[in-house]
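Structural description and commentary
For reference, the chains in residue letters:
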Amino acid sequence: MDKKYDFSAIERKWQQDWEKRGLHKVVRDDSREKFYLLEMFPYPSGKLHMGHVRNYSIGDVMGRYYTMQGKNVLHPMGWDAFGLPAENAAIKHGVHPDPWTRENIANMREQLKTMGISYDWDREEGTCLPEYYKWTQWIFTKFFERGLAYKKKAAVNWCPSCATVLANEQVIDGHCERCDSVVEKKDLEQWFFRITDYAQRLLDDLDKLPGWPDKVKTMQENWIGRSEGVQLEFHTEAGDPVPVFTTRHDTVYGVTYMVLAPEHPLVAKLTAGTAYEQPVQEFVRRVSKLSFIDRTSSDLEKEGMFIGAYAINPVTQERVPIWITNYVIYEYGTGAVMGVPGHDQRDFDFAKKYGHAIRRVVAPPQWDGSELQEAYESYDGIMVNCGKYDGLTVPEAKKQMADDMEAAGIGKRVVNYRLRDWLISRQRYWGAPIPIVYCEKCGAVAVPEDQLPVLLPTDVEFKPTGESPLKTSPTFRDTTCPVCGGPAVREMDTMDTFVCSSWYFLRFTDAHDPKEAFNRELADYWMPVDQYIGGVEHAILHLMYARFFTKVFHDMGLCETEEPFTNLLTQGMVLKDGSKMSKTKGNVVSPEVIINRFGADTARLFILFAAPPERDLEWNDTAVEGCSRFLSRFWRLYVNILEREGLDAPLPATFTEADKAVRRAVHGATKKVGEDIAVRCQFNTAISAIMEAVNAVYDYLDSEAPNAAILHESAEYLLQLLAPFAPHITEELWHEMGHTESIHISHWPAYEEAALAQDSVEIVVQVNGKIRARLQVPANSSQEELAEIVRSQPQYAEWLAGKTVTKTIAIPGKLVNLVVK
RNA sequence: GCGGGCGUGGUGGAAUGGCAGACACGAUGGUCUUAGGAGCCAUUGCUUCGGCGUGCAGGUUCAAGUCCUGUCGCUCGCACCA
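Before going into details, it helps to say that this report is about the structure given with it. (Residues numbered from 1 in each chain as written. Chains lettered and ligands numbered in written order. Predicted model: local features only at pLDDT ≥ 70, side-chain atom pairs only at ≥ 80, totals over all residues. Heavy atoms only, no water.)

The next subject is the overall build of chain A. The helix and strand inventory of chain A stands at 26 helices and 34 strands. Dimensions along the principal axes, computed over C-alpha positions, put chain A at roughly 105 × 85 × 50 Å. Out of the 821 residues in chain A, the part that is buried amounts to 54%. Put simply, of all contacts in chain A between residues at least 6 apart along the chain, 72% involve residues at least 24 apart. Summed over all atoms, the accessible surface of chain A reaches about 35,900 Å², with 49% contributed by carbon and sulfur. Computed over 91 positive and 116 negative side-chain charges, the separation of the two mean positions in chain A equals 2 Å. (Helix = DSSP H or I, 4+ residues; strand = E, 2+ residues; numbered from the N terminus. Buried < 20%, exposed > 50% of the residue type's maximum accessible area, 1.4 Å probe, protein only. Contact = heavy atoms within 4.5 Å. Areas by Shrake-Rupley, 256 points an atom, 1.4 Å probe, with all protein chains shown as cover. Lys, Arg positive; Asp, Glu negative; His and termini not counted. Charge placed at Lys NZ, Arg CZ, Asp CG, Glu CD.)

Take the protein's contact with RNA strand B next. Among the 58 residues in the neighbourhood of RNA strand B, the closest are listed as T247, K302, R346, A610 and R774. Going through the elements one at a time, α7 (214-224), β11 (241-246), α19 (621-642), α21 (683-701), β31 (760-767), β32 (770-778), β33 (805-811) and β34 (815-820) are the ones with two or more residues in the surface near RNA strand B. Here the residues of the surface near RNA strand B are counted per class, giving 20 nonpolar, 19 polar and 19 charged. (Near = heavy atom within 4 Å. Nonpolar A, V, L, I, M, F, W, Y, C, P; charged D, E, K, R; others polar.)

One can find S57 in helix α2 (residues 50-68). Judged by relative accessible area, which is 0%, S57 ranks as buried.

On inspection of all chains with the given rule, the structure shows 52 salt bridges. Here D29 ties to R32 by a salt bridge, and the two come within 3.0 Å at their closest N and O atoms. Across the pair E562 and R201 runs a salt bridge whose closest N-O atoms are separated by 3.1 Å. Highlighted residues: E562 in the loop between α16 (541-556) and β27 (565-571) and R201 in helix α6 (residues 199-204), separated in sequence by 361 residues. Looking at E562, the relative accessible area reads 25%, which means it is partly exposed. Through salt bridges with shared partners, a single network forms among D205, K208, R547, K551 and E563. (Salt bridge = Lys/Arg side-chain N within 4 Å of Asp/Glu carboxyl O.)

At a closest axis distance of 10 Å, the pairing of α7 and α16 adopts a crossing angle of 75°. If you check the angle between α7 and α16, you find them roughly perpendicular. Note on element contacts: α16 touches α7 through L543, M544 and R547, opposite V216, Q220, W223 and I224. In terms of residue class, the contact of α7 with α16 is made up of five nonpolar, one polar and one charged. (Axes fitted to C-alpha atoms, helices over the stretch in contact; angles between N-to-C directions. Parallel < 35°, antiparallel > 145°, perpendicular 65-115°, else oblique.)

Turning our attention to the nonpolar core. Among the nonpolar cores identified, the biggest contains 183 residues, and W422 and F725 are the most heavily contacted of them. In terms of residues, this core owes the most to one element, α21, which gives twelve residues. In this structure, F725 is in contact with V61, R604, L605, L608, V673, I677, F683, A686, I687 and I690, ignoring residues within four places of it in sequence. In terms of nonpolar packing, the next biggest core, distinct from the first, is built from 40 residues, L232, A336, A397 and I410 among them. (Core = buried A, V, L, I, M, F, W, Y, C linked by side-chain atoms within 4.5 Å.)

This next bit is on the sheet that holds strand β5 (residues 149-159). Spatial strand order, β6-β5-β9-β19: four strands in an open sheet with antiparallel pairing. With one partner strand each, in any of the chains shown, β6 (164-166) and β19 (422-423) form the two edges of the open sheet. With two bridges connecting them, strand β9 (residues 184-193) and β19 associate as antiparallel partners. Paired with F192 across the bridge in β19 is L423. Lying on the sheet, helix α5 (residues 130-145) is in contact with β5 and β9; it crosses β9 at an angle near 90°. (Pairing = 2+ DSSP bridges.)

By the secondary structure assignment, C559 is in the loop between α16 and β27. According to the relative accessible area criterion, C559 is buried, its value standing at 2%. Remark: the alpha-carbon pair of C559 and D510, spanning 49 residues in sequence, is separated by 13 Å.

Pairing of strand β21 (residues 436-439) with strand β22 (residues 443-446) involves four bridges; the strand directions are antiparallel. Pairing of Y438 across the sheet is with A444, part of β22. The hairpin turn running from β21 into β22, its antiparallel successor, is three residues long. Here β21 pairs with strand β24 (residues 487-490) via three bridges, running antiparallel. Looking across to β24, one finds that Y438 is bridged to V489.

Written out as structure tokens, the structure reads:
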């Protein structure tokens, strides 16, 4: 064998070999336990970045490990291939998005192959391919049938730079998630998915996901934003109902005014023909012109205006003025709020500014009778100024008042969610066309399955006008109604790309099926995904949408599972010089360059060794070289061992101390690596355990009489332990050791419990917790024996320093602590 | 403001409540060498050599990086959600 580790030749050789032999192809096999392993599929930008390398390296360790454990591992890869970058490239460079995307996919596929990831490439899918988006469209039509897809006019988030609308989830701090432009509000007719119908289930079922990080579950919980309260029926003096939503119905006696959102329909009605009409319209216009970011910022100065009308408090029959303000959100609750300045800080500020009365209805436990200097929002208190409710605690009052409101028919307990329906229309070309046609007679009609897919037309122009290129097609728009055959026009919007990625994990179970989106039997065999891996940036958007789709599919009888991802690992970012790698910062390290220079095995080893997967990882060039040196050192170990005679001899009947030491190291590492991969997902410590074992084998080579059979055993174990991390070098050495089958389908080695045992162990002697000595003691000494050993030591009196022992704590294998006084 | 997470050597990071700093990177010295950005050997938390050390202050415990309380700092998510 070569004396030198030629990673480049080795990696190429085995990548070709695996591909030729179809090593990673997988089919349903009921004789083995299935394991569905999935990494979030990438957008085909054209080049892999280090985040991808990390994501897929983590996945590949698990995939190869579970395969060696005998599981039937599905490990597919595909492309989240629709989206704006392709369209922007088209506008900028005049290349059509389709070939641009395909070329990027081809590049990235090749780069992925140089990493040696164990994908079943036969299942590769791309969301932009008609064979895929046909089924995305079919799913839309099913949602439409079930009333889960509907069209409505709404104030929507508009990104002027992308010239399209955005889902609420895609607006980050009032900016476009994609291009960072300030998002505007626009009134448009758009398609929505009724995800709010599933709000409660999406919330409740988080409890069924013990394998998800709490952080992600908390984020989803906050995003769903459930709050319980009462919808209370106020009326205007003229009799118009004005329901309000409140979580503090206990403070209804503290209401001193009412506020409406400027968009509230009653605003125009109540002011029509009054002196207030003009100034109110002026105010509404001014507020609606505010950008999204200003409008929803809590820094915004609270402004308001009386609209000349009054409402009647249904509990107290008090007459309170109706105002409009810029801080009430029309889309949440009922768009109307009761103003309780005494117990809500926003209302307090507003009341101070505009001279509304501030009334205390909750008194803190030790109230000295003083005035409110700020809103008292705490639930810890006693009701005052509340008539018959005086003296109740806040929780008591909440219950009693809600009961009374319901009995009197003036209010009902309701639950509100912060979650809004998912706006899926996009005014762009490079997405799946929404399969709807508009017929004058029949209205909006879903395109029937036998006419799917609605193909993207190619006769379009890409111009930087902001207009969707789809609208430039002379052939796309006009069609016939599938119901009555009359003239009809197509929907010109495409779907949010998050729709395409909300079901791809199901398609992988039955990729390329021409007859259905996925086969139920196959889906039920493979689903749910046992391990999903990706960036935490998808904690809300993608992961919530995918859960929503899966629940709908379940309800439709398309699959058994209700939760798509059993275990979720959210990997940290790859940083350089303390910040995320980005072109603008100029701190990008190219995976291609690293793999060419050091090899895929080194790149993978470094990225797995440098930090636990969930934590951010600081890129370090010299540490990469360190990993490269480790693999060279690993290689030389085998050069040394393979030169020896007698490797195939059976293990000796008795072991020397050196034999025992090396076997303990190797078998101990076997135990630890298995646990680190399967239980803890801590690959850095797994690798360090392998390094320790390698060091132990080197020590053994230097020992008096290293036994060839033990070297052989150690060498095989270490190869198998390292195989999931560095698949190429281990495959090469495995064959050098005489194997003819791939190491990656060999059985994960079992450690021998007996090899872990030690004859003697070092324990620590402490006096009052301070270390005084270390002793070698027989490994299986009991507590009593340990105490006796310590007492019999010549230095025993010295340790006590004249004091008397009041207690002796003996922990076998660890320490003896003498408590003295 | 609300809700998560995290604070350990020069660096990345280890430590089922039981020897803090495993394993590496870097650094220093040595060795081999025509050469060394290779290999090998040694040292590497601080220290006045008594000890002291896991952001800070308390607490629980025979024993705390780990559990509890408070606090400071960093970070992520949500945020005028009534």
